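This is what each chain is made of:
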Amino acid sequence: MNKGLSGIDLAHLTIDDIRRIFSYDDRGLLEEMAHAARELTRRQFGRTISLYAPLYIANYCQNECVYCGFHASSKIIPRSKLAMDEIDRECAALAATGIRSCLILTGESRFHSSPQYIRDACIIAGRYFPYVAVEVYPLEEHEYRELYLAGVDGVTLYQETYDRARYDELHLTGPKKVYDYRVQAPDRIARSGIRHISMGVLLGLTDWHQDIIALFEHVRHLERAYPGVEFGLAFPRLRRVIDDEHHYIEVSDREMVKIMCAARLFFPRAGISISTRETPEFRDRIIEFGVTKMSAGSSTRVGGYVERAEYDDGQFQVFDPRSFDEVKAMLVAKGFDPVVTDWRNIVNS
Ligand code: SF4
């Protein structure tokens, strides 16, 4: 048992330990955690970092989330949806950069981006990428099953916040307003056959301490209920708090490091990703402490790789504009082993 200065056994953390850790603001403890997270990540994953890229195929949305520029009533965002031949060209352009792992995204509109549309897009993506995941609105179990049968390997779905009252306040209208339907979606995904589920909260919407603990408890529960499923974690944060009408809460870099390290120590085998919402400087530093996956060469625009590259209509600003090759070069320079594909679905192929 390796109890450091804090008296907490970082190798066998309980949720109560996480509560205690989150309640301290102690530089010594953070350094202990960072050291333990780095060692644990090296033991579990070596020096590998998987690279992937998002591919936005539509940006119609039926919801009014007050923190997002894609919300249904926004007039400043040009709405679009790619046709299948456009999706094919996007996939070809992205694959030509060397990316082999692709995350297909739509806005949350069942009307404009039907399950059939998403499924057809994934079938096309599967011709170019050995790993295809989706980040779309919550589906029914049989619809996830259809995606699985179409070759989808993973689903990303963020609860945004586990604070029910705050959730209700931030999600004004639309299907997303139903908290329970969203929070129960990971169970439906796990039962469908899909093997990878990425979960997270949007940091900045409420007090992060309670949200992260709720997320950890949710994922731990799912790990026990579905031992054949791999769970991943991500911690996107609201970057700029300009209009504070909704009382967004800034999460500092130091708090981000603490969250990442706690995630690694509590979930030794989980994939942890860091998005291009973060700056290159921060991404390059944080990869030492538990990150196993990062996006590279990302566009958050619909058709951003080929079709409509001139429009600046991305869902969020990409703070790390480096190309796939530049991110790879950075990883190699820091002694990491960039991996473009570490998974191939042979059941569905
Ligand atoms: S966060 Fe998602 S669901 Fe909410 S407005 Fe933006 S795109 Fe729509």
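Up top is the structure these notes are about.
An account of the accompanying structure is given in this report. (Residues numbered from 1 in each chain as written. Predicted model: local features only at pLDDT ≥ 70, side-chain atom pairs only at ≥ 80, totals over all residues.)

Re the overall build of the chain
Point 1. A tally of regular secondary structure across the chain gives twelve helices and nine strands.
Point 2. A compact globule built from 349 residues should have a C-alpha radius of gyration of about 20 Å, and the chain, at 19 Å, falls within 12% of that.
Point 3. With respect to the principal axes defined by its C-alpha atoms, the chain has extents near 60 × 45 × 40 Å.
Point 4. Every one of the 349 residues in the chain was classed for burial, and the buried ones make up 43%.
Point 5. Contacts in the chain between residues at least 24 apart in sequence constitute 75% of all its contacts with a sequence separation of at least 6. (Helix = DSSP H or I, 4+ residues; strand = E, 2+ residues; numbered from the N terminus. Rg over C-alpha atoms; globule rule 2.2 N^0.38 Å. Buried ≥ 20, exposed ≤ 12 C-beta atoms within 10 Å, placed from the backbone. Contact = placed C-beta atoms within 7 Å.)

What about the pairing of strand S6 (residues 230–234)?
Point 1. For S6, the tally of buried residues reaches four of five residues, placing the bulk of the element in the interior.
Point 2. For strand S5 (residues 196–201) and S6, the ladder comprises five bridges, and the chain directions are parallel. Paired with Ile197 across the bridge in S6 is Phe231.
Point 3. Where the polypeptide runs from S5 across helix H9 (residues 208–225) and back to S6, its parallel neighbour, the crossover connection is right-handed.
Point 4. Bridge count for S6 against strand S7 (residues 271–274) is three bridges, and the pairing is parallel. Bridging from a neighbouring strand, Leu233 pairs with Ile272 of S7. (Pairing = 2+ DSSP bridges. Right-handed = clockwise from strand over helix to strand, strands pointing away.)

Comments concerning H9
Side chains three or four residues apart in an α-helix point the same way, a direct result of the helix having 3.6 residues per turn.
Point 1. An ideal rise of 1.5 Å per residue puts 26 Å on 18 residues; H9 measures up with 25 Å between its terminal C-alpha atoms.
Point 2. Residues Trp208, Asp211, Ile212, Leu215 and Val219 constitute the buried set of H9. All buried residues of H9 project into a common sector of 95 degrees when viewed along the axis, lining one side. Within H9, the exposed residues directed more than 90 degrees away from the buried face are His221, Arg224 and Ala225.
Point 3. Contacts from the buried residues of H9 go to S5, S6 and helix H10 (253–266). (Expected span 1.5 Å × (residues − 1). Arc of directions from axis to C-beta.)

A closer look at the site of the ligand
Point 1. Taken together, the residues surrounding the ligand are Cys61, Asn63, Cys65, Cys68, Phe70, His71, Gly107, Glu108 and Lys176.
Point 2. Residues belonging to the shell around the ligand are distributed by class as follows: four nonpolar, three polar and two charged. (Near = placed C-beta within 6 Å. Nonpolar A, V, L, I, M, F, W, Y, C, P; charged D, E, K, R; others polar.)

Overview of the packing of helix H3 (residues 84–96) against helix H4 (residues 115–128)
A pair of packed helices can be characterised by two numbers: the angle between their axes and the separation between those axes.
Point 1. As a packed pair, H3 and H4 sit with axes 9 Å apart at the nearest point and diverge in direction by 30 degrees. What the angle tells us is that H3 and H4 run roughly parallel. Two packed elements cross with a definite hand, and for H3 against H4 that hand is right-handed. Seen from H3, the contacting residues are Met84, Ile87, Asp88, Cys91, Ala92 and Ala95; seen from H4, they are Asp120, Ala121, Ile124, Ala125 and Tyr128. (Axes fitted to C-alpha atoms, helices over the stretch in contact; angles between N-to-C directions. Parallel < 35°, antiparallel > 145°, perpendicular 65-115°, else oblique. Left-handed = near helix turned anticlockwise from the far one by under 90°.)

Some thoughts on the nonpolar core
Point 1. Leu55, Cys102, Ile104 and Met260 are the most contacted members of the largest nonpolar core, which totals 93 residues.
Point 2. Per element, the largest residue contribution to this core is eight residues, and it comes from H10.
Point 3. Discounting chain neighbours no more than four positions away, the residues touching Met260 are Phe235, Ile272, Ile286, Phe289, Gly290 and Val291. (Core = buried A, V, L, I, M, F, W, Y, C linked by C-beta atoms within 7 Å.)

Side note on the packing of helix H2 (residues 27–45) against H10
Point 1. Running from N to C, H2 and H10 cross one another at 45 degrees; their axes reach a closest spacing of 9 Å. In terms of axis orientation, H2 runs oblique to H10. At the point where H2 passes H10, the crossing takes the left-handed sense. Judged by residue contacts, Leu30, Met33, Ala34, Ala36, Ala37, Leu40 and Thr41 of H2 engage Val257, Lys258, Cys261, Ala262, Arg264 and Leu265 from H10.

Points about the environment of Ile49
Point 1. Inspection of the secondary structure puts Ile49 in strand S1 (residues 48–56).
Point 2. Other than its neighbours up to four places away in sequence, Ile49 contacts Ile287, Val291, Thr292, Lys293, Met294, Leu331, Phe336, Pro338 and Val339.

Description of the pairing of S1
For a regular strand, the rule is simple: side chains alternate between the two faces of the sheet.
Point 1. Of all nine residues in S1, eight are buried, a share of seventy percent or more.
Point 2. Of the strand pairs in this sheet, S1 and strand S9 (residues 337–339) are connected by three bridges, and their pairing is parallel. The residue bridging Thr48 from the neighbouring strand is Asp337, located in S9.
Point 3. Examined bridge by bridge, S1 and strand S8 (residues 293–295) share three bridges and lie parallel to one another. Residue pairing for S8: Tyr52 is matched across the bridge by Ser295.
Point 4. Direction of pairing for S1 relative to strand S2 (residues 101–105): parallel, over a ladder of four bridges. Paired with Ala53 across the strands is Cys102, a residue of S2.
Point 5. The parallel pair S1 and S2 is bridged by H3, and the resulting crossover is right-handed.

Some details on unusual backbone geometry
Point 1. With a phi angle near 75 degrees, Glu160 is a residue other than glycine that sits in the positive phi range.
Point 2. The residue Glu160 is located in strand S4 (residues 154–160) in this model.
Point 3. On the basis of neighbour counts, which here come to 23 C-beta atoms within 10 Å, the residue Glu160 falls in the buried class.

Here we look at helix H12 (residues 324–333)
Point 1. By the burial criterion, the buried members of H12 are Phe324, Val327, Met330 and Leu331. Taken around the axis of H12, the buried residues stretch over an arc of 130 degrees, which confines them to a single face. Exposed and oriented more than 90 degrees from the buried face of H12 are Asp325, Val332 and Ala333.
Point 2. Elements in contact with the buried residues of H12: S1, helix H11 (280–286), S8 and S9.
Point 3. Of the residues flanking the end of H12, it is Gly335, one or two places downstream, whose phi is positive at about 85 degrees.

Interpretation in functional terms is not warranted from these geometric data alone.
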